[in-house]
Amino acid sequence: MQRNGGGVGAGGQPWVLRRVRLTWLSFMLFFILVFFPLIAHYYLTTIDEAGGPDKRIFGPRPGGELCEAKHVQDLCRIRESVSEELLQLEAKRQELNGEIARLNLRIEACKRSIDSAKQDLLQLKNVISQTEHSYKELMAQNQPKLSLPVRLLPDKEDPGLPPPKSARSCRLRSCFDYGRCPLTSGFPVYVYDTGSYPWGNYLDPLVKQAFAASVKGNIYVTENPSIACLYLVLVGELQESSSPLPSPSELEKQLKALPYWRSDGHNHVLVHLSRKSMTQNFLYNVSTGRAAVAQSTFLEQQYREGFDLVVSPLVHALSEPNFLEVPPQVPVKRKYLFTFQGERVESLRSSLQEAPPQSFEEEMEGDPPADYDDRIIGTLKAVQDSHLDQVLVEFTCKNPRTSLPTEWALCGEREDRLEVLKASTFALVIAPGDGQLVASAGCGMRLFEALEVGAIPVVLGDHSKLPYHQFIRWSEAVIIVPKPRVTELHFLLRSLSDNDMLAMRRQGRFLWETYFSTSENVLSTILASIRTSIQVPAAPIKEEPAHEIPHKAGKLAGTDANLADNGDLDLGPVETEPPYASPRFLRNFTYTAADTYRAWNRAPGPFHLFPHTPLDPVLPSEAKFLGSGTGFRPIGGGTGGSGKEFQAALGGNVPREQFTVVMLTYEREEVLMNSLERLNGLPYLNKVVVVWNSPKPPSDDLLWPDIGLPIVVVRTEKNSLNNRFLPWDAVETEAILSIDDDAHLRHDEIMFGFRVWREARDRIVGFPGRYHAWDVNHQSWLYNSNYSCELSMVLTGAAFFHKYYAYLYSYVMPQAIRDMVDEYINCEDIAMNFLVSHITRKPPIKVTSRWTFRCPGCPQALSHDDSHFHERHKCINFFVKVYGYMPLLYTQFRVDSVLFKTRLPHDKTKCFKFI
């Protein structure tokens, strides 16, 4: 027991020792880990303090002395830079977070606005739909839709109308079948082949050839006789032949044998064209039935007023008149006051020679007509012998032309007669002494020659029927004096003013050019006379088809900051309207039925709101008219004031209108693209028509700007400046802004010009002005581009004009002018100014005081060449010869703002005025 107890006591002592050792070891370890670092830190600090601040080893050094080493300094700078950037990035991050929060709020607001706008738009669409439906219902109630009348053509053997009491009593109402010519028929005309009937072999070859050429190019001629409204038969002039001509009975049988004569010849016209003063009136004893006769010579018992037609002689059968040989219309007074050359043809048929001449008193008392030819000869010789004025009268000829009985024969050759007439202010035309001869080819020839050279015709004898007298108001171009007033003739001619004589000479020139000058004009005038008589509207005029060049649009075009500076002028509504075409021309029938005299006696243009002469086709539905009245009150017009509402509206007398930009270009793609981009955002722009004048197509990789409107690129047949004024069918507006590809115009300038043009629709309204001047030393006209206080031309490189003038320029203006434009590759703008001034007798309008409108930095144009101005001098003088006078008119007229340089409140705007 002791041993075990001793064992336990002995064994417990090591365990205690081990525990004591472990406790001591833990205490020592704690002491080393806790107190030793403190003691070491204290010791080191004491050493640094004992050594002084200069010998400090472990302590912090003042002034950043640890960075004295170069690499340490770089690291310090990097640390400082990175710290600053981190601070900046943090600030920016916070700012962007704030901006994102604000944008999120705006996005939410925009989404709510879009939803609200969609609801409003849907409501507006419903309102518009309901309004359109109500409008259609109202129009259907007040204006029922009318369909074109059904055309009922009679059978070939249809006898037609009942026969008149006599052939002389024929009138349109009794001898013309209106059923074959509905208003919508288009007036188809069938022309018999001259070789298909027997007397065709007797026709003058020149007349046959000229007639065939005129028929070939006429728009009314059809080859289908079953639908024809009119049938044309050429019966003269007959050539001089040794073989006998067919007798009247034989000719009558041949006429009745025509395949579409239908027993009485209704709707047939027998055309007899005279080339000589002595014309065979072989239809005198021929019964023509219901067929009308169109010729130069008529006896009173033969002529059927309102049914037959007195036509002009065919002088220029196959030749065009040479405008360079036509004398100018000025000076008004020429060498001779009046001239007459002729020899009276005696006649045994005239009963006037069987009795002594009667006095003027007996004539005025109602006695039978007397032969005044002897008294006329005596009076005219007395005037010549008085030497009060220089006159030329000759009553005998060395080689007189063959003429009809009692008619005054022409003297000499045509060239000799024209030389005398060129020096004559007035040309006497003495009517035949036989009152039964109401129209003669000799008088028609004298009238033609006088009008051709600008001598004012004076017709002695009021019983004569002048060509187309039913339609032409001859009193505006010809002085008609009864033979009893021959003693007062000298006083009458001396009393006319220069302005009156110039107006008559100009009107005579217009009548000659339009109705008499060529075979095409003669045939067209005959057809137009009949068409006008039966009130059938003319056929639509042709438009130039726009053959588009495919192109691809690039990025959306921006807006030039310089163009956005519009000053005080509001351009228009904020929202851009979709393309809107001008109203269609709807006066074709009204013009045909109501404006006959005005149309036949005025040059084509804006006079009295008719668009053309009867020879010209009417405007197509796409072409527009010059009149601005529509019967509707214009939006914003007529309200006065100067507020924003007034200026935002377009104003004027047309409530809604746009314009088309026509831009001519030639191989300047970069310049063109820049010009197109500048049109982005332009109000009231309908479309842009680019006339690609180069034979080379645009580059395949060329990206066209997207301006939000159609850009039509038109391919032309040849490089011609006349292409600028072709009436392209792509142009659907009345207003055309013709602009060069290097023209640099601000939007406010373009809009201002458009507003002004709307108030002067018959004028050229543009920006760069030029004028013409007379060169005293060289006796010629000069083109001047210097700055001046007046102008007579506005260049069409930046100008508004009516589309109707494109028709006149391309189809009515003399071809010689367009040929010269092609020859010089120049002067097309001068030609347009000549045309408009000639038609309107008004100068153009300049609407801006800006000195230059060319694109800065663009490649040099043709106008910078020295020969450019020399060519324009020649053009002006040539155009004057073609027109016969200088049509350009000077003006000091300029359009500016009514409140120009006037200080206004911010809510007021400016409008324009004329100064």
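Note that the structure is a prediction, hence the values are computed from the model and not measured. (Residues numbered from 1 in each chain as written. Predicted model: local features only at pLDDT ≥ 70, side-chain atom pairs only at ≥ 80, totals over all residues. Heavy atoms only, no water.)

(A) Focus on a nonpolar patch on the surface. Together, Trp-24, Phe-27, Leu-29, Phe-30, Phe-31, Ile-32, Leu-33, Val-34, Phe-35, Phe-36, Leu-38 and Ile-39 line one region of the surface with nonpolar side chains, adding up to about 1300 Å² of accessible area. Among the secondary structure elements, Phe-31 is positioned in helix H1 (residues 2-51). Residue Phe-31 is classed as partly exposed on the basis of its relative accessible area of 36%. (Patch = residues over 30% accessible without salt bridge, like charges linked within 9 Å, V, L, I, M, F, W, Y side chains within 5 Å. Areas by Shrake-Rupley, 256 points an atom, 1.4 Å probe, with all protein chains shown as cover. Salt bridge = Lys/Arg side-chain N within 4 Å of Asp/Glu carboxyl O. Helix = DSSP H or I, 4+ residues; strand = E, 2+ residues; numbered from the N terminus. Buried < 20%, exposed > 50% of the residue type's maximum accessible area, 1.4 Å probe, protein only.)

(B) Seen up close, the sheet that holds strand S22 (residues 769-775). Pairing within the open sheet is antiparallel, and its three strands lie in the order S23-S22-S24. Edge positions in the open sheet fall to strand S23 (780-784) and strand S24 (793-794), since each of these has one partner strand only. Running at roughly 135° to S23, helix H22 (residues 866-883) makes contact with S22, S23 and S24 of the sheet. (Pairing = 2+ DSSP bridges. Contact = heavy atoms within 4.5 Å. Axes fitted to C-alpha atoms, helices over the stretch in contact; angles between N-to-C directions.)

(C) The state of the cysteines, seen in detail. This model, assessed by the stated rule, comprises four disulfides. Here Cys-170 is linked by a disulfide to Cys-175, with a sulfur-sulfur distance of 1.9 Å. Taking the sign of the torsion about the S-S bond as the criterion, the disulfide between Cys-170 and Cys-175, at about -85°, is left-handed. By relative accessible area, Cys-175 is classed as buried at 0%. Residue pairing for Cys-827: its cysteine sulfur links by disulfide to Cys-875, the two sulfurs lying 2.0 Å apart. (Disulfide = S-S within 2.5 Å.)

(D) Representation of the side chain of Asn-686 within the structure. Among the secondary structure elements, Asn-686 is positioned in strand S17 (residues 685-692). Reaching out from Asn-686, the side chain makes a polar contact with the side chain of Gln-658 at a distance of 2.9 Å. Among all residues touching Asn-686, those that are not within four sequence positions of it are Pro-579, Tyr-580, Ala-581, Gln-658, Phe-659, Thr-660, Leu-709, Pro-710 and Thr-733. (Polar contact = N/O pair within 3.5 Å; in protein donor to acceptor, adjacent residues only side chain to side chain.)

(E) Expanded view of the nonpolar core. Judged by nonpolar contacts, the single largest core of 80 residues is most densely connected at Phe-187, Leu-232 and Ile-526. Leaving out residues up to four positions away in the same chain, Leu-232 has contacts with Val-189, Tyr-190, Val-191, Tyr-192, Phe-211, Val-269, Val-271, Leu-523 and Leu-527. Counting residues in hydrophobic clusters, the runner-up holds 53 residues, among them Val-689, Val-731, Tyr-783 and Tyr-807. (Core = buried A, V, L, I, M, F, W, Y, C linked by side-chain atoms within 4.5 Å.)

(F) Fine view of the environment of Phe-211. Mapped onto the secondary structure, Phe-211 falls in helix H4 (residues 205-216). Accessibility expressed as a relative area gives 5% for Phe-211, which makes it buried. When the C-alpha atoms of Phe-211 and Leu-318 are compared, they prove to be 9.3 Å apart, with 107 residues separating the residues in sequence.

(G) Summary view of the confidence of the model for the protein. Per-residue confidence for the protein gives a mean pLDDT of 80, with 76% of residues at or over 70. Of the regions scoring below 50 in pLDDT, residues 619-647 engages in 79 contacts with residues more than four places distant in sequence or in other chains. (pLDDT = per-residue confidence, 0-100.)

(H) Just the side chain of Asp-308, in detail. When you line up the elements, Asp-308 lands in the loop between strand S5 (298-299) and strand S6 (309-310). There is a polar contact of 2.9 Å between the side chain of Asp-308 and the backbone nitrogen of Val-293. Residues within four places of Asp-308 in sequence aside, it is in contact with Ala-292, Val-293, Phe-298, Gln-302, Tyr-303 and Gln-470.

(I) Region of interest: the packing of helix H21 (residues 828-840) against H22. At their nearest, the axes of H21 and H22 sit 10 Å apart, and the two run at 30° to each other. The angle between H21 and H22 places the two elements in the roughly parallel class. Crossing geometry of H21 relative to H22 is assigned as right-handed. Of the residues in H22, those touching H21 at Asp-829, Ile-830, Ala-831, Phe-834, Leu-835 and His-838 are Arg-872, Ile-876, Phe-879, Val-880 and Tyr-883. (Parallel < 35°, antiparallel > 145°, perpendicular 65-115°, else oblique. Left-handed = near helix turned anticlockwise from the far one by under 90°.)

(J) Region of the structure containing the packing of helix H8 (residues 414-422) against helix H9 (residues 441-453). The N-to-C vectors of H8 and H9 enclose an angle of 55°; their axes lie 9 Å apart at closest approach. One element, H8, and the other, H9, form an angle in the oblique class. Taken as a pair, H8 and H9 cross one another with a handedness that is right-handed. In this structure, H8 contributes Arg-414, Arg-417, Leu-418, Leu-421 and Lys-422 to the contact, and H9 contributes Phe-448, Glu-449, Ala-450, Glu-452 and Val-453.

(K) Structural context of unusual backbone geometry. Residue Glu-237 is bonded to the preceding Gly-236 through a cis peptide linkage, with omega at 25°. Assignment of secondary structure puts Glu-237 in the loop between strand S2 (230-236) and helix H5 (248-256). Between Val-330 and the following residue, Pro-331, the backbone shows a cis peptide bond with an omega angle of 5°. Here Pro-331 lies in the loop between S6 and strand S7 (336-341). One non-glycine residue, Tyr-468, lies in positive phi territory at about 55°.

(L) Representation of the packing of aromatic side chains in the model. Inspection of the entire model under this criterion finds 32 aromatic pairs. On the numbers, 5.1 Å between centres and 65° between planes, the contact of Phe-298 with Tyr-303 is edge-to-face. The class for Tyr-303 is buried, based on a relative accessible area of 6%. Every member of this aromatic cluster is reached through a ring pair, and the members are Tyr-468, Trp-474, Phe-510, Tyr-515 and Phe-516. Of note, Arg-758 hangs over the ring of Phe-754, and the distance from its end group to the ring centre comes to 5.9 Å. Here Arg-872 stacks its cationic end above the ring of Tyr-783, 4.3 Å away from the centre of that ring. (Phe/Tyr/Trp six-rings, centres within 6.5 Å; stacked < 30°, edge-to-face > 60°. Lys NZ or Arg CZ within 6 Å of the ring centre and 35° of its normal.)

(M) Quick look at the environment of Met-673. Relative to the elements of secondary structure, Met-673 occurs in helix H17 (residues 669-677). Ignoring any residue separated from it by four or fewer positions in sequence, one finds Met-673 in contact with Leu-702, Leu-703, Trp-704 and Pro-705.

(N) Up close: the sheet that holds strand S11 (residues 424-430). Here five strands make up an open sheet; going across it, the order is S9-S7-S11-S13-S14 and the pairing parallel. Among the strands making up the open sheet, the edge pair consists of strand S9 (392-394) and strand S14 (479-481). For this sheet, the mean inter-axis angle between neighbouring strands, taken without regard to orientation, is 20°. Pairing of S11 with strand S13 (residues 456-460) involves five bridges; the strand directions are parallel. Bridge pairing in S13 places Ile-430 opposite Leu-460. Across the sheet, H9 lies against S7, S11 and S13, angled at about 170° from S11, the strand it touches most.

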